[in-house]
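Letter by letter, the chains look like this.
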Amino acid sequence: MKTSMTILAALAISANAFAPSSTHIANKSFTSPSTSTSTSLSMAKYNTMDEILAKFPDDKPILINFYDAATEADIKSDIVRAKNLLAERCTVVSIKQQDYPEIAKLWDADTKSPSMILFKDGNPVTRLYEETFYLDIVAKIGKYCRAPGEEHKEIKK
């Protein structure tokens, strides 16, 4: 029974790998996907990155993960792990490159998968290209998502 619950929980988490994290949804008054309004980007077409970013709260950085449909199966589990580990520090949103080709091209995220862009206060902070191992994603993105006073400082030699 315990194993069955663990498997069901894992399936539930992986099914939402490419949607906004549940902590984000819990903190905002969004309706469930079964109603007409949803936090899923696949439900509506957006024309600009600003329209996409406007769907998410301003209190946390937003990591936009552009991915190619051909690589989805290969990267999904690592994206889920990274998303869960970063949940308290940033909102992770995955967007299929094929769904938003103009936006992906404009942001230089159309040829490499995944292409991740971290936005803070509506501005791009850093990018990752073709980074798929979840611990590398967490390490490279997490250093930009620290609380005030705990920001990353490069050590100069």
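Residues numbered from 1 in each chain as written. Predicted model: local features only at pLDDT ≥ 70, side-chain atom pairs only at ≥ 80, totals over all residues. Heavy atoms only, no water.

Engineer: Requested: an account of the overall build of the protein chain, with residues and values cited.
Structural biologist: Scanning the protein chain from N- to C-terminus turns up six helices and four strands. Seen in sequence order, the protein chain has helices and strands lined up from the N terminus as α-α-α-β-α-β-α-β-β-α. Out of the 157 residues in the protein chain, the part that is buried amounts to 38%. Nonlocal contacts in the protein chain, meaning residues at least 24 apart in sequence, comprise 65% of its contacts between residues at least 6 apart. (Helix = DSSP H or I, 4+ residues; strand = E, 2+ residues; numbered from the N terminus. Buried < 20%, exposed > 50% of the residue type's maximum accessible area, 1.4 Å probe, protein only. Contact = heavy atoms within 4.5 Å.)

Engineer: Which residues make up the sheet that holds strand β4 (residues 123–129), and what values do they have?
Structural biologist: Taking strand neighbours across the sheet as the criterion, the four strands line up as β2-β1-β3-β4 in an open arrangement whose pairing is mixed. Since the sheet does not close on itself, it has two edges, and those belong to β2 (91–96) and β4, each with one partner. Direction aside, neighbouring strands of the sheet carry axes that sit 20° apart on average. Bridge count between strand β3 (residues 115–120) and β4: six bridges; the pairing is antiparallel. If you follow Ile 117 over to β4, its bridge partner there is Arg 127. The sheet contacts of helix α6 (residues 134–142) involve β1 (62–67), β3 and β4, and relative to β4 the element is tilted by about 155°. (Pairing = 2+ DSSP bridges. Axes fitted to C-alpha atoms, helices over the stretch in contact; angles between N-to-C directions.)

Engineer: Would you mind going over empty space enclosed by the protein in detail, with residue names and values included?
Structural biologist: Here the idea is plain: a probe the size of a water molecule rolls over the atoms and shows the empty space left. Evaluated as defined, the whole model comprises one cavity of 30 Å³ or more. In this structure, the largest cavity is lined by Leu 63, Asn 65, Ile 79, Ala 82, Lys 83, Leu 86, Val 92, Met 116 and Ile 137. Listed by contribution, the elements that provide at least two residues to the lining of the largest cavity are β1 and α4 (72–86). The element that contributes the greatest number of residues to the lining of the largest cavity is α4, accounting for four residues. Looking at the lining of the largest cavity residue by residue, the class counts come to seven nonpolar, one polar and one charged. (1 Å grid on protein atoms, 1.4 Å probe; cavity = no way out; pocket = protein on both sides within 12 Å on 5 of 7 lines; lining within 4 Å. Points joined across faces, edges and corners; volume = space filled by probe spheres on them. Nonpolar A, V, L, I, M, F, W, Y, C, P; charged D, E, K, R; others polar.)

Engineer: Can you break down the environment of Glu 51 residue by residue, with the values?
Structural biologist: Relative to the assigned elements, Glu 51 resides in helix α3 (residues 49–53). A polar contact of 3.0 Å, which involves the side chain of Glu 51, links it to the backbone nitrogen of Asn 47. (Polar contact = N/O pair within 3.5 Å; in protein donor to acceptor, adjacent residues only side chain to side chain.)

Engineer: I'd like to hear about the pattern of salt bridges, residue by residue, with values.
Structural biologist: Taken as a whole and judged by the stated rule, the model has one salt bridge. Glu 131 is the salt-bridge partner of Lys 140, the closest N and O atoms lying 2.7 Å from each other. You can call Glu 131 buried: its relative accessible area is 14%. (Salt bridge = Lys/Arg side-chain N within 4 Å of Asp/Glu carboxyl O.)

Engineer: Describe the environment of Gly 122, and please don't skip the residues or the numbers.
Structural biologist: Positionally, Gly 122 belongs in the loop between β3 and β4. For the pair Gly 122 and Pro 61, spaced 61 residues apart in sequence, the C-alpha to C-alpha distance is 8.3 Å.

Engineer: Explain the confidence of the model for the protein chain residue by residue, including any values.
Structural biologist: Chain-level pLDDT for the protein chain is 74 on average; 68% of the residues reach the 70-or-more range. With pLDDT under 50 throughout, residues 1–40 is counted as low confidence; its partners more than four residues away or in other chains account for 47 contacts. (pLDDT = per-residue confidence, 0-100.)

Engineer: Can you break down the nonpolar core residue by residue, with the values?
Structural biologist: Grouped together as the largest cluster of nonpolar side chains are 17 residues, with contacts concentrated most on Met 49, Ile 52, Ile 64, Phe 66, Ile 95, Ile 103 and Phe 119. Apart from residues lying up to four places away in sequence, Ile 103 is in contact with Tyr 46, Asn 47, Thr 48, Met 49, Ile 52 and Phe 66. With 15 residues, the next largest nonpolar core counts Val 92, Met 116, Leu 128 and Cys 145 among its residues. (Core = buried A, V, L, I, M, F, W, Y, C linked by side-chain atoms within 4.5 Å.)

Engineer: Pulling in residues and values, what's your account of unusual backbone geometry?
Structural biologist: A cis amide bond, omega -5°, links Ser 113 with the succeeding residue Pro 114. Along the polypeptide, Pro 114 turns up in the loop between α5 (101–106) and β3. Even without a glycine there, the phi angle at Asp 108 is positive, about 55°. Since its relative accessible area comes to 45%, Asp 108 is described here as partly exposed. Its identity is not glycine, yet Glu 130 carries a phi of approximately 55°, on the positive side. With respect to the helices and strands, the residue Glu 130 is situated in the loop between β4 and α6.

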